[in-house]
Amino acid sequence: MAETTREQAAARRENTGRKRLRRSTVLIGLGVLLLAGALGLTLYNRWDSNRAAAASEAIAKTLEEDISTNREEKEETRDAALPQPESTAFLSMPTETVNGYAYIGILDIPSVGVHLPVMHDWDMERLKISACRYTGSYYEDDLVICGHNYAKTFSPIRWTAIGAEVTFTTVDGTVIPYKVSNIETIQPTAVSEMVFNDNNSDSEKTWDLTLFTCNVGGQTRCAVRCIRTDGKGGA
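Given the structure is predicted, the values throughout are model-derived calculations rather than measurements. (Residues numbered from 1 in each chain as written. Predicted model: local features only at pLDDT ≥ 70, side-chain atom pairs only at ≥ 80, totals over all residues. Heavy atoms only, no water.)

### Considerations on the overall build of the chain
Within the chain, the regular secondary structure consists of three helices and nine strands. Helices and strands in the chain line up, N terminus first, as α-β-β-β-α-β-β-β-β-α-β-β. Long-range pairs, those at least 24 residues apart, make up 61% of the contacts in the chain between residues at least 6 apart in sequence. Taken as a whole, the chain presents about 14,100 Å² of accessible surface, with 55% of it coming from carbon and sulfur. (Helix = DSSP H or I, 4+ residues; strand = E, 2+ residues; numbered from the N terminus. Contact = heavy atoms within 4.5 Å. Areas by Shrake-Rupley, 256 points an atom, 1.4 Å probe, with all protein chains shown as cover.)

### Observations regarding the pattern of salt bridges
For the structure shown, the criterion picks out seven salt bridges. One salt bridge in this structure joins Asp-230 and Arg-228, with 2.6 Å as the shortest N-O distance. Classification of Asp-230 by relative accessible area gives partly exposed; the value is 28%. We classify Arg-228 as buried; its relative accessible area is 16%. A cluster of three or more residues bridged by salt bridges with shared partners is formed by Asp-141, Arg-228 and Asp-230. (Salt bridge = Lys/Arg side-chain N within 4 Å of Asp/Glu carboxyl O. Buried < 20%, exposed > 50% of the residue type's maximum accessible area, 1.4 Å probe, protein only.)

### Details of the environment of Ala-54
Structurally, Ala-54 can be placed in helix α1 (residues 2-76). Residues Ala-54 and Ile-129, spaced 75 residues apart in sequence, show a C-alpha to C-alpha distance of 9.2 Å.

### As for the pairing of strand β5 (residues 143-146)
Side-chain alternation along β5 places Leu-143 and Ile-145 on one buried face and Val-144 and Cys-146 on a second face that is also buried. Direction of pairing for strand β4 (residues 131-135) relative to β5: antiparallel, over a ladder of three bridges. Along β5, the bridge assignment pairs Cys-132 with Cys-146. Across four bridges, the pairing between β5 and strand β8 (residues 209-214) is parallel. By the bridge assignment for β8, Val-144 is matched with Thr-210. (Pairing = 2+ DSSP bridges.)

### Considering the environment of Gln-187
Within the fold, Gln-187 resides in the loop between β7 (175-186) and α3 (191-195). In this structure the C-alpha to C-alpha distance between Gln-187 and Cys-222, which are 35 residues apart in sequence, comes to 8.9 Å. In contact with Gln-187, not counting residues within four places along its chain, are Gln-219 and Thr-220.

### Looking at the packing of aromatic side chains
Taken as a whole and judged by the stated rule, the model has four aromatic pairs. A ring pair is formed by Trp-122 and Tyr-134, whose centres lie 5.3 Å apart and whose planes are at 40°; its orientation type is tilted. Of the two residues, Trp-122 sits in the loop between β3 (114-119) and α2 (124-127) while Tyr-134 sits in strand β4, which places them 12 residues apart along the sequence. Among the aromatic side chains, those forming a connected cluster through ring pairs are Trp-122, Tyr-134 and Phe-212. (Phe/Tyr/Trp six-rings, centres within 6.5 Å; stacked < 30°, edge-to-face > 60°.)

Next up, the structure:
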């Protein structure tokens, strides 16, 4: 009887050991899968960032050639140009088409190495290629530009300093100078805070250009506010 009891106890211990081993094996397997998933996501994000950087660089080079040509043509026809209207409220920003997409110019922030083409319109597919106009116009000094926080393209705007120089070169060759006046953290649902500008009311204007992208984690947005430095803005 005692021998049988000992055998049963040994069997129970062996069965418990097998269960623990299986449980440990399953947990180790899950851990390996999670690590592989995290590694895969990291590698994909790195590849996607490099892809976006290469695409933006190629488009910027094409735009630079177009801008140079447009600037020369503008100089040649300057004397014969028609008088400019006093109001720019109804003017459409000129565009250049590259690979089927319309672009309004090139954004430069030398201090953080940003040199990017900017599309006229935005959607999630366009944002995979380039920075995009979210709303507004440089004619009205209420232009808002958005971009994915790719490490090699638009993410560096988060590191700009107050007072940093920013320029926007239109496709007709006009260079509009700005400087960073403020940097804000805004909730992704606060669209009105992102685009609202005192210039759109009767009160004093607070900015002429806004650049925004996601912060790390995507829970908030970084909005970089800029004012013109050529005396032609409203801020």
